[in-house]
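An overview of the molecular structure
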Amino acid sequence: MKLTLVSRSGREIVKGGIQLSDSATVADLQEAIYKRIKKHPSRQRLTLPVQPGSKERPVVLNYKKSLNDYTSGNSETLTLVFKDLGPQVSYRTLFFFEYLGPLLLYPVFYYLPVYQYFGYKGERVIQPVQTYALYYWCFHYAKRILETFFVHRFSHATSPLSNVFRNCAYYWCFGSYIAYYVNHPLYTPVSDLQMKIGFGFGILCQVSNFYCHIILRNLRGPAGEGGYQIPRGFLFNIVTCANYTTEIYQWLGFNIATQTIAGYLFLAVATFIMTNWALAKHRRLKKLFDGKEGRPRYPRRWVILPPFL
Amino acid sequence: MATSSVSCFEDIEGIGSRACLHCSRKAFALCSNCCCIRGLVRSPITATLPQIGSRLFLVWGILWSFPETRTHLLVSSLLISWSITEIIRYSFFGFKEAFGSAPSWLLWLRYSTFLILYPTGISSEVGLIYIALPFIKASEKYCIRMPNTWNSSFDYFYAAILVLGIYVPGSPHMYKYMLVQRKKALSKPKSE
């Protein structure tokens, strides 16, 4: 089979095309392209050409499928559209560096005498709530890192490199911003009861969140093939993105206990981001599981935050 | 809106900085509202939001809050730059709404005066924020200090410095955007 590769503007990417056996897979093609133009398979996006003026989204080739699946009748030649997605990093790498920042930066404000550089000289008295907040925070990000390596099964293997800078800026800046206020020498704690309620509720939500991740993990096979299933069990019976719900409530618990504007601001931004993800996921699952052709129909559920959405 | 800008322009030479500031506040409050309704409908938010933001910040956050800045020369250059830009811009929109199209000389003005007025306007904005800094620091206005029940703080001095920092990538972005718009607008056939 002869494969012709063009860019979205029509320029030929690989001069003379690529010759492969008829039973070759998309992955074989990506390897061959890599040998010719030195762009790693994870940054290659191959799609079937669309009719000019067509509003349909192009069909993206799945790396596991055979190339024959994408030819219609004539299996001698196939023209594919190539897009370079830019340098990629694995999701594991991305998450690891995102979460490492808050894990390491927060204790800096707790243990090291940084506040003297902000003009606060003299002894600093550490209050119990500040110590519990440190443990809670570090437990949270250590949990996230461990989940990244041992629990999560990703839908895509990689993410663009630029996301590393953007995501790390978000986590590291907010982490430092919150750490500054919670560990401040002039920090005013809330009542003991409020602190206990906050941390207690937060721990409960973190454990629930972990259980949600286990349920999601079991929806996918270990080979890294991604794919989508209808989540069932525990809170997933009521809400599509129960993992985001428990994450949001977990931060709420932290903020009830520590009470800083910085913390609540972080909660607001995180809720906004996760709500957008949840809406996209809910939409995707409803579209995929439409009840036709033997597929189950996606049940009626809250998206992320009952009773609001 | 255009008339209040014009009368403001005359006031600068006439009555003095006090009256000028009063009417300019009104003019720019209206201007901002108009911008929101009309500007955002036509232009991308990355171009209109910085403009509205900088206008509001300069008028309320600097000039109204720190009277010591009002007598500076840069206030005149600021108001002249803004006024001429707005008079041309709203005349252009006015013609389009009333007659369906604007005369080609007005189109040319709209997409050419910015070449001078953006640098003068932006320099005036940056200059005024800079000269206001010592007053901001000394007065502690709008600052929130620790300790407080919400464990939060705000320092207007450092926030103003951050705003100055935004001008560094923001000004080339705005200028480049206008250059692109100029190319598109002035190369179109006369029918537009």
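No experiment lies behind these values; they were computed from the predicted model shown. (Residues numbered from 1 in each chain as written. Chains lettered and ligands numbered in written order. Predicted model: local features only at pLDDT ≥ 70, side-chain atom pairs only at ≥ 80, totals over all residues. Heavy atoms only, no water.)

This next bit is on the overall build of chain A. Helix and strand counts for chain A come out as seven helices and six strands. The order of α-helices and β-strands along chain A, N terminus first, is β-β-α-β-β-β-α-α-β-α-α-α-α. For 309 residues, the compact-globule estimate of 2.2 N^0.38 gives 19 Å, and the C-alpha radius of gyration of chain A, at 24 Å, exceeds that figure by more than 25%. C-alpha atoms of chain A, sized along the principal axes, occupy 80 × 45 × 35 Å. Contacts in chain A between residues far apart in sequence, at least 24 positions, make up 73% of those at least 6 positions apart. Surface summary for chain A: the accessible area is close to 17,000 Å², and the carbon and sulfur share equals 62%. (Helix = DSSP H or I, 4+ residues; strand = E, 2+ residues; numbered from the N terminus. Rg over C-alpha atoms; globule rule 2.2 N^0.38 Å. Contact = heavy atoms within 4.5 Å. Areas by Shrake-Rupley, 256 points an atom, 1.4 Å probe, with all protein chains shown as cover.)

In this section: the interface of chain A and chain B. Across the contact, 10 residues belong to chain A and eight residues belong to chain B. There are zero salt bridges connecting chain A and chain B. Along the contact surface separating chain A from chain B lie six residue pairs in polar contact (both at pLDDT 80 or more). Within the side of chain A that touches chain B, the residues separate by chemical class into five nonpolar, five polar and no charged. (Salt bridge = Lys/Arg side-chain N within 4 Å of Asp/Glu carboxyl O. Polar contact = N/O pair within 3.5 Å; in protein donor to acceptor, adjacent residues only side chain to side chain. Nonpolar A, V, L, I, M, F, W, Y, C, P; charged D, E, K, R; others polar.)

Take the domain arrangement of chain A next. What the domain assignment reports for chain A is domain 1 (2-86) and domain 2 (88-142 + 158-185). The distance between the C-alpha centroids of domain 1 of chain A and domain 2 of chain A comes to 44 Å. (Domains from an automatic or database assignment.)

Moving on: unusual backbone geometry. Backbone torsion omega between Pro306 of chain A and Pro307 of chain A reads 0°, so that peptide bond is classified as cis. Note on placement: Pro307 of chain A falls in the segment after helix H7 (261-288). Along the chain, Met146 of chain B connects to Pro147 of chain B via a cis peptide bond; the corresponding omega equals -5°. Note on placement: Pro147 of chain B falls in the loop between helix H6 (114-139) and helix H7 (156-187). Phi angles above zero are rare outside glycine, and Gln259 of chain A is one such case at about 45°. Assignment of secondary structure puts Gln259 of chain A in the loop between helix H6 (242-258) and H7. Taking relative accessible area as the criterion, Gln259 of chain A reaches 13% and is therefore assigned buried. (Buried < 20%, exposed > 50% of the residue type's maximum accessible area, 1.4 Å probe, protein only.)

What follows covers the pairing of strand E1 (residues 2-6) of chain A. Residues and elements named next belong to chain A. Across the five residues of E1, four count as buried, placing the element largely inside the fold. The pairing of E1 with strand E2 (residues 18-19) spans two bridges and is classified as antiparallel. Considered in E2, the bridge of Lys2 is made with Gln19. (Pairing = 2+ DSSP bridges.)

Okay, the packing of aromatic side chains next. Think of a pair of aromatic rings as described by two things: how far the centres are apart, and how the planes are tilted against each other in angle. Here the structure, examined in full by the defined rule, presents 47 aromatic pairs over all chains. Centre to centre, the rings of Tyr136 of chain A and Phe199 of chain A are 5.5 Å apart; their planes meet at 40°, and the pair counts as tilted. Of this pair, Tyr136 of chain A sits in helix H3 (residues 128-150) while Phe199 of chain A sits in helix H5 (residues 192-217), and the two are 63 residues apart along the sequence. Across the pair, Phe199 of chain A and Tyr136 of chain A agree in class, each one buried. Sitting over the face of the ring of Tyr228 of chain A, Arg220 of chain A holds its NZ or CZ atom 5.4 Å from the ring centroid. Against the face of Trp64 of chain B rests Lys141 of chain B, its NZ or CZ located 6.0 Å from the ring centre. (Phe/Tyr/Trp six-rings, centres within 6.5 Å; stacked < 30°, edge-to-face > 60°. Lys NZ or Arg CZ within 6 Å of the ring centre and 35° of its normal.)

Residues and elements named next belong to chain A. With 17 residues, H6 should reach 24 Å at 1.5 Å per residue; the first-to-last C-alpha distance of 24 Å fits that figure. Of all 17 residues in H6, 14 are buried, a share of seventy percent or more. Positive backbone phi, at 45°, marks Gln259, one or two positions downstream of H6. (Expected span 1.5 Å × (residues − 1).)

On the surface, a cluster of positive charge is contributed by Lys286, Lys292, Arg297 and Arg300 of chain A. With respect to the helices and strands, Lys292 of chain A occurs in the segment after H7. (Patch = residues over 30% accessible without salt bridge, like charges linked within 9 Å, V, L, I, M, F, W, Y side chains within 5 Å. Lys, Arg positive; Asp, Glu negative; His and termini not counted. Charge placed at Lys NZ, Arg CZ, Asp CG, Glu CD.)

Our next topic: the state of the cysteines. Think of a disulfide as a covalent bridge from one cysteine sulfur atom to another cysteine sulfur atom. All names here are of chain A. Within this structure, the stated rule accounts for zero disulfides over all chains. Of all cysteine sulfurs in the structure, the one in Cys212 sits closest to Cys241, which takes part in no disulfide; the separation is 10 Å. For Cys241, a relative accessible area of 0% translates into the label buried. (Disulfide = S-S within 2.5 Å.)

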